[in-house]
Amino acid sequence: MVTPSTTSGSAALFRRAHSVTPGGVNSPVRAFNAVGGTPRFIESARGALLRDVDGNEYVDLVCSWGPMLLGHAHPAVQEAVVAAVARGTSYGTPTRPEVELAEEIVARTPVDKVRFVSSGTEATMSAIRLARGFTGRDLVVKFAGCYHGHVDSLLAAAGSGLATFAVPGTPGVPAASTAATLVLPFNDRAAVEQAFAEHGAGIACLVTEASPGNMGVVPPLPGFNEFLAETCRRHGALFVSDEVMTGFRVSRSGQWGLDGAREGWRPDLVTFGKVMGGGFPAAAFGGRADVMGMLSPEGPVYQAGTLSGNPVATTAGLVTLQHATDEVYAQLDRAAGIVGAAADKALTDAGVPHLVQAGGNMFSVFLFDESAGDVTAVTDFAGASAQNLDRYKAFFHSMLDQGVYLPPSAFEAWFLSSAHDDAVLDRVLEALPAAARAAAA
Ligand code: PLP
């Protein structure tokens, strides 16, 4: 493997980028602010490997933040995309690939109908508008630490009391946009009961990551999603399950396939993105036929998009899903188990208090101070925020220096692909002990 030597090419591009783009990046986490150092400018990727502009090669444990389920430049996806591009790239009309991708999604998940959009943000924003239009109510419940894209009403921080309304989570969001949002601690049934007891008649929907991966990996406690679905049903609110990250990644049908199908709950609306776009900007929201029937042009709730259902993006998504077989998911589960166990062992050997936590084949590593004692579970954002972030910085940079690209933030999931074969995994396993020692220092 080429181990990172120079990063001068990335550094030069980062300087140029700074003069024309805020922070030099088009999405904040890419700037490495949480870990420091020079963000790598990637020039190409194949399978499980990234190559930067300086020729350094990295095993990719980010996979474009989830989408690259089959690895980079998968031959079948590439071939289909090239053929699609040759037929033209956007017509602003209905097309065959969007019908076929919608059929594939409906066949795999609990939704009756889907509408395509171009990003996960649009998917959750549209699902909330639809829930409000369907119920005639305004209030939205979300959980602290769950990310649903940069939707104004969901960039919200908890108010002063448990069931009080939220305040803007960023400048630029008007207080009016979050005044109808309630932010609760994840996995906390009592908080949900209280919010619905006080505001149930006004709640349009509760939106949750089906299994959160945006505060590190913090899976729902057994039965929690079922409890949410049932609570919403009792109060006439819609249950919106955000599967933008988990959909088609943790199983053929996402998190619902892991627990919903078993427990018998069904969301009213689901949002999708990432894997279903095959590396292109495509996302979707879908759900019950009667709810989706409220959407324009069938119903009165307006929603639209110039590039929605783009033929190249939906082709990439369709071929990706066609190759996302049971064998692929079995391989991903196994690979996640191997890397998670090796990280756990390396950190134990180095004496670093830690927790490796998995939700299906997504997992992340929480590193703590000695004073944290033996942490056996992180169940909410407060628990995730107890991490020692300096330890993650040291861990991250040691892995990077050894040619393994981890998420440049301690609050993110690690992602694998079906291209992460044993030879690739060995590179990760070899790097972990030194990184664990760096985290201990
Ligand atoms: N929902 C979840 C669970 C996500 O993880 C993300 C992005 O990471 C989004 C929504 C927003 O998707 P996008 O970045 O495509 O707008």
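Residues numbered from 1 in each chain as written. Predicted model: local features only at pLDDT ≥ 70, side-chain atom pairs only at ≥ 80, totals over all residues.

- An unreviewed UniProt entry lists the protein chain under the name Glutamate-1-semialdehyde 2,1-aminomutase, from Nocardioides mesophilus.
- In UniProt, the protein chain has this text filed under Catalytic activity (unreviewed entry): "(S)-4-amino-5-oxopentanoate = 5-aminolevulinate". (UniProt positions renumbered as here; feature names shortened; annotations may be inferred.)

### Notes on unusual backbone geometry
Argument step 1. The peptide bond linking Ser296 to Pro297 adopts the cis configuration, its omega dihedral lying at 10°.
Argument step 2. Position of Pro297 among the secondary structure elements: in the loop between α9 (289–292) and α10 (311–323). (Helix = DSSP H or I, 4+ residues; strand = E, 2+ residues; numbered from the N terminus.)

### Let's talk about the site of the ligand
Argument step 1. Neighbouring the ligand are 15 residues; Ser119, Gly120, Thr121, Gly149 and Val244 lie closest to it.
Argument step 2. The element that contributes the greatest number of residues to the shell around the ligand is helix α4 (residues 120–135), accounting for three residues.
Argument step 3. Of the residues belonging to the shell around the ligand, the class tally is five nonpolar, eight polar and two charged. (Near = placed C-beta within 6 Å. Nonpolar A, V, L, I, M, F, W, Y, C, P; charged D, E, K, R; others polar.)

### Comments concerning the pairing of strand β9 (residues 203–209)
Argument step 1. When you tally the buried positions in β9, you get seven out of seven residues, the bulk of the element.
Argument step 2. Summarising the sheet, strand β5 (residues 139–143) and β9 pair through three bridges and their orientation is parallel. Counterpart to Val140 in the pairing with β9 is Cys205.
Argument step 3. Handedness of the crossover joining β9 and strand β10 (residues 238–242) through helix α7 (residues 224–235): right-handed. (Buried ≥ 20, exposed ≤ 12 C-beta atoms within 10 Å, placed from the backbone. Pairing = 2+ DSSP bridges. Right-handed = clockwise from strand over helix to strand, strands pointing away.)

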